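This is what each chain is made of:
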Amino acid sequence: MTTTPAPTQHPTDRQGDVELAITGMTCASCANRIERKLNKLDGVDATVNYATEKAHVVFTSAISTDLLLDTVAKAGYAATVPDPAADHDEAAAHAELDALRRRLVVSAMLAVPVIALAMVPPWQFDRWAWVSLVLATPVVVWGAWPFHRAAAINLRHGTTTMDTLVSVGVSAAYLWSVVALVFGEAGMPGMTHEFSLALQRGDGLSDVYLEVAAGVTTFLLAGRWFEKRSKRRAGAALEALLTMGAKEVAVLRDGVETPVPAEQLRVDDVFVVRPGEKVATDGEVVEGASAVDVSMLTGEPVPVDVGPGDTVTGATVNTSGRLVVRATRVGADTQLAQMARLVEQAQQGKAQVQRLADRVSGIFVPVVIVLSLLTLAGWLLSGATTTTAFAAAVAVLIIACPCALGLATPTALMVGTGRGAQLGILIRGPEILESTRRVDTIVLDKTGTVTTGRMSLVDVVAHGATDDEVRRVAAALEHGSEHPIARAVAEAAPRAEHPEVSGFANREGLGVVGDVAGRRTLVGRPALLEAEGLVVPTELAEALDAAQAQGRTPVLVGWDGAARGVLVVSDTVKPTSAAAVARLRELGLEPVLLTGDHERAARAVAAEVGITTVVADVLPAGKVDEVRRLQESGRVVAMVGDGVNDAPALAQADLGIAMGTGTDVAIEAADLTLVSGDLRVAGDAVALSRRTLSTIRGNLFWAFAYNVAALPLAALGLLSPMIAGLAMALSSVFVVSNSLRLRRFRSSIA
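Residues numbered from 1 in each chain as written. Predicted model: local features only at pLDDT ≥ 70, side-chain atom pairs only at ≥ 80, totals over all residues. Heavy atoms only, no water.

Moving on: the packing of helix α4 (residues 128-143) against helix α5 (residues 145-156). Interaxial distance between α4 and α5 falls to 5 Å at its minimum, and their mutual angle equals 45°. Comparing their axes, α5 and α4 come out oblique. In this structure, α4 contributes V140, V141, W142 and G143 to the contact, and α5 contributes W145, P146 and H148. Across the contact of α4 with α5, the residue classes tally to 5 nonpolar, 2 polar and no charged. (Axes fitted to C-alpha atoms, helices over the stretch in contact; angles between N-to-C directions. Helix = DSSP H or I, 4+ residues; strand = E, 2+ residues; numbered from the N terminus. Parallel < 35°, antiparallel > 145°, perpendicular 65-115°, else oblique. Contact = heavy atoms within 4.5 Å. Nonpolar A, V, L, I, M, F, W, Y, C, P; charged D, E, K, R; others polar.)

Rendered as structure tokens:
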């Protein structure tokens, strides 16, 4: 026997990951700069998200968290490691938003008269420009302080961001105005000037741009306030998910209910859930029966009946009876926590197109500064006055801020994934959205996906007895067996209606025998009845053949020397599967039924739900081969499954979709997870993913198109600096507002 040496741990092997909360970021350039600084560290792979203000860092054992925090600090920003056990600091977030709102309101109150005086020449009284200077100074100094402060910090670290453009532009407009008032003719009594949306050629120091300095500051403060408020709304779905659970729970200790905080629950604790209360954590019902509202997690509107032995999920609501539940998973292991974690991970990621946008925004600011200087030089060389040249250069600085580029993907992703979580759809990351756009074929596992995955009685054919009698006698006898078919028969009649059974015996591979109400009774295969000498009438033989032709499992029941009935058992199709298949076709997807079951059963199910392409009798490895074969034929394949045997195929598919009611292995291998077992949600998942991707692309198009179109206009003097500032602020607000439209996405499930 040979032994294999234990693998040595290489120093660059990844050891863990951490999420950092970043403060001080004001635009996409900030996020791009922090990301580059972190990624320069050996063994670090970092992604910084401007919209969520977080960094997700994967690092090796050679890297410490302190080093990561120090690297962010050296870049001019602050970072902390959030405490997962602590509540979200809503007060701090509200305080930040309120402070920004106060700065905006005061600046607006002072800027409005400055802008009004500049825009309406008849209102320009004697020495009006000096009054404008008094009103504009607090706006430029205090109102624009966040921009100046960030620009100074970035300058100390030898870099530039959007704040650099704003600070330089506003300061230049203000200082030029001061010079014009003190040393030029702008402050002379009786001086007025016209206002235009485009630049006007002036005569040196006779014009002031105080309305530009005050107006741009106010517009950008308004844009930043709307942006921050909208980002909070964008993350509202995840916040709601994180706070959905119960706060307190009644734990049973020595038969006494003791109220304790929900976070103190431990595995195997037994707790009580009264009608109207939330289930505190994932668990198993040990006593009681009720209907549980799971709509908050799955989107399913109909409560689910539960009783002893059934599982319940934390944060769902007990609607009727009293339940006693044993905790099976607590804290970070619960389904709610796992959902929140998946959503957060998805929001941290970046689509391929956003990575391009990040690279562009990283070099955009220095390019714009150069372009502004070229604009200034170009106007001066063309013979224009210094005033005109200066105004055009300032307009270029202000209109070029790349905020919209940085917000395009994260905000849409935050809203889309959050809305998906509300509908019971978990999207692993933005790269998944690209896959949904290209998918043209969807492979569906049969058992547990299209069908319920449980055997149940679907038909009774009686001969020489009533249907009810055949059902009750068979249910009573099969009650002693654990076989799935036996359980389906046993559940066909209420336990209270079962006749008395004695002498029960199992005939391996054939069925069961016993005395039911004093009569020797057999339930099982035809071979069992033949061996016991029971006659099978022609009518029942025909029913037997018909059931087998449909891919169903027939069971014979007999007593007193003859077969008395046929019970037909089958894995039934989910009531919603046909509608789900129709919905998938509407989305342009060709459904394929892929199963390890035999051909006849698969064909019967396919016919019932409207699928024409069937691949049956396939082993787990064969499922992978079939998905690969479709891909090699030019198809882009999505796969929906729920079992361990589906995991390899889910991983092979271009888009893996796992049913949340399935195994953990399948869920781990999938790109999308449907929390409920309703196949219709697969259509919603594809539609929402496509809608989110479409929104991202629309946002990025607007952001790029805006800058491409606006920069030449500003450089050519066709936009005044103040209008440029308004347009820049509105571009960011548009991108965020467009993303928020995803909150209105509606499920196809009524």
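Let's shift gears to the sheet that holds strand β14 (residues 425-427). In space, the 7 strands of this open sheet follow the order β14-β26-β25-β24-β15-β22-β23, with mixed pairing throughout. Every interior strand has two partners, whereas the edge strands, β14 and β23 (613-615), have only one. This sheet shows a mean twist of 20° between the axes of neighbouring strands, independent of strand direction. (Pairing = 2+ DSSP bridges.)

Counted according to the given criterion, the structure contains 19 salt bridges. We note a salt bridge from D445 to K623, for which the minimum N-O separation is 3.1 Å. Taken together, the positions of D445 in strand β15 (residues 441-445) and K623 in helix α22 (residues 620-632) put the pair 178 residues apart, joining distant regions of the chain. In this structure D445 comes out as buried when scored by relative accessible area, which is 4%. K623 sits in the buried class, given a relative accessible area of 2%. (Salt bridge = Lys/Arg side-chain N within 4 Å of Asp/Glu carboxyl O. Buried < 20%, exposed > 50% of the residue type's maximum accessible area, 1.4 Å probe, protein only.)

Judged by nonpolar contacts, the single largest core of 49 residues is most densely connected at L444 and L593. Summarising the domain contributions, this core has at least three residues from each of domain 2 (91-236 + 345-412 + 697-742) and domain 4 (430-450 + 574-670). Leave out the neighbours within four places in its chain, and L444 touches V450, V581, L584, P591, V592, L593, L594, I611, V640 and L679. The next biggest cluster of nonpolar side chains, apart from the first, holds 36 residues, and it includes A129, A144, W225 and F390. (Core = buried A, V, L, I, M, F, W, Y, C linked by side-chain atoms within 4.5 Å. Domains from an automatic or database assignment.)

This part is about helix α25 (residues 680-715). If you check α25, its first and last C-alpha atoms are 53 Å apart, about what 36 residues at 1.5 Å a residue would give, namely 52 Å. G717, located one to two residues past α25, shows a positive phi value of around 80°. (Expected span 1.5 Å × (residues − 1).)

Bringing the packing of aromatic side chains into the picture now. Across all of its chains, the model carries 0 aromatic pairs by this definition. Sitting above the plane of the W142 ring, R103 keeps its charged end 4.8 Å from the centroid. (Phe/Tyr/Trp six-rings, centres within 6.5 Å; stacked < 30°, edge-to-face > 60°. Lys NZ or Arg CZ within 6 Å of the ring centre and 35° of its normal.)

Where helix α20 (residues 577-586) contacts α25, the axes come no closer than 7 Å and their chain directions differ by 25°. Relative to α25, the element α20 is oriented roughly parallel. Note on element contacts: α25 touches α20 through R680, A682, G683, D684 and A687, opposite A579, A580, R583 and L584.

Taken together, the side chains of R691, R741, R744 and R746 present a region of like positive charge at the surface. By secondary structure assignment, the location of R746 is in the segment after α26 (721-740). According to the relative accessible area criterion, R746 is exposed, its value standing at 57%. (Patch = residues over 30% accessible without salt bridge, like charges linked within 9 Å, V, L, I, M, F, W, Y side chains within 5 Å. Areas by Shrake-Rupley, 256 points an atom, 1.4 Å probe, with all protein chains shown as cover. Lys, Arg positive; Asp, Glu negative; His and termini not counted. Charge placed at Lys NZ, Arg CZ, Asp CG, Glu CD.)

Pairing is antiparallel in the open sheet, where 3 strands are placed in the order β10-β9-β12. Only two strands of the sheet have a single neighbouring strand rather than two, namely β10 (304-306) and β12 (317-318). Sheet analysis places strand β9 (residues 290-293) next to β10, joined by 3 bridges and oriented antiparallel. Residue pairing across strands places S290 opposite V306, the latter belonging to β10.

Those residues of helix α2 (residues 65-74) that fall on the buried side of the exposure criterion are L68, T71 and V72. Buried residues in α2, looked at end-on, bunch into an arc of 95°, giving them a common side. Seen from the open side of α2, the exposed residues pointing more than 90 degrees away from its buried face are D66 and K74. Positioned one or two residues after α2, G76 has a phi angle of 100°, which is positive. (Arc of directions from axis to C-beta.)

UniProt marks residues 104-122, 128-145, 165-188, 208-226, 360-381, 387-409, 699-716 and 722-740 with the feature "transmembrane region" (unreviewed entry), using the numbering shown here. The span residues 104-122 is 84% helix and 0% strand, and its two end C-alpha atoms sit 28 Å from each other. (UniProt positions renumbered as here; feature names shortened; annotations may be inferred.)

Moving on: the pairing of strand β3 (residues 54-60). Of all the 7 residues making up β3, 6 are buried; the element is thus mostly covered by neighbouring parts of the structure. Strand direction decides the pairing type here: strand β2 (residues 44-49) and β3, joined by 6 bridges, are antiparallel. Paired with D45 across the two strands is V58, which belongs to β3.

Let's shift gears to the side chain of R103. Summarising the element assignment, R103 is placed in helix α3 (residues 90-119). Among the polar contacts made by the side chain of R103, one reaches the main-chain carbonyl oxygen of W142 at a distance of 2.5 Å. Excluding residues that lie within four positions of it along the chain, R103 makes contacts with W142, G143, W145, P146 and L221. (Polar contact = N/O pair within 3.5 Å; in protein donor to acceptor, adjacent residues only side chain to side chain.)

The bulk of non-glycine residues show a negative phi, and the bulk of peptide bonds are trans. Its identity is not glycine, yet D268 carries a phi of approximately 80°, on the positive side. Among the secondary structure elements, D268 is positioned in the loop between β6 (256-261) and β7 (270-273). On the accessibility criterion, D268 (48% relative accessible area) is partly exposed. Positive phi, close to 55°, is recorded for A517, a residue that is not glycine.

So, on to the pairing of strand β21 (residues 562-573). Judged by how many residues are buried, β21 sits mostly within the fold: 11 of 12 residues are covered. Sheet analysis places strand β16 (residues 451-462) next to β21, joined by 8 bridges and oriented antiparallel. Counterpart to D459 in the pairing with β21 is V568. Across 7 bridges, strand β20 (residues 553-559) lies against β21 in antiparallel orientation. Paired with T553 across the strands is V569, a residue of β21. Counted between consecutive antiparallel strands, the loop separating β20 from β21 contains 2 residues, among which D560 sits at a positive phi close to 50°.

As for its placement among the helices and strands, V614 is situated in strand β23. A relative accessible area of 12% means that V614 is categorised as buried. Distance from V614 to R603, taken between C-alpha atoms, is 6.8 Å for residues 11 residues apart in sequence. When near neighbours in sequence (up to four residues on either side) are disregarded, V614 contacts L593, A602, R603 and A606.

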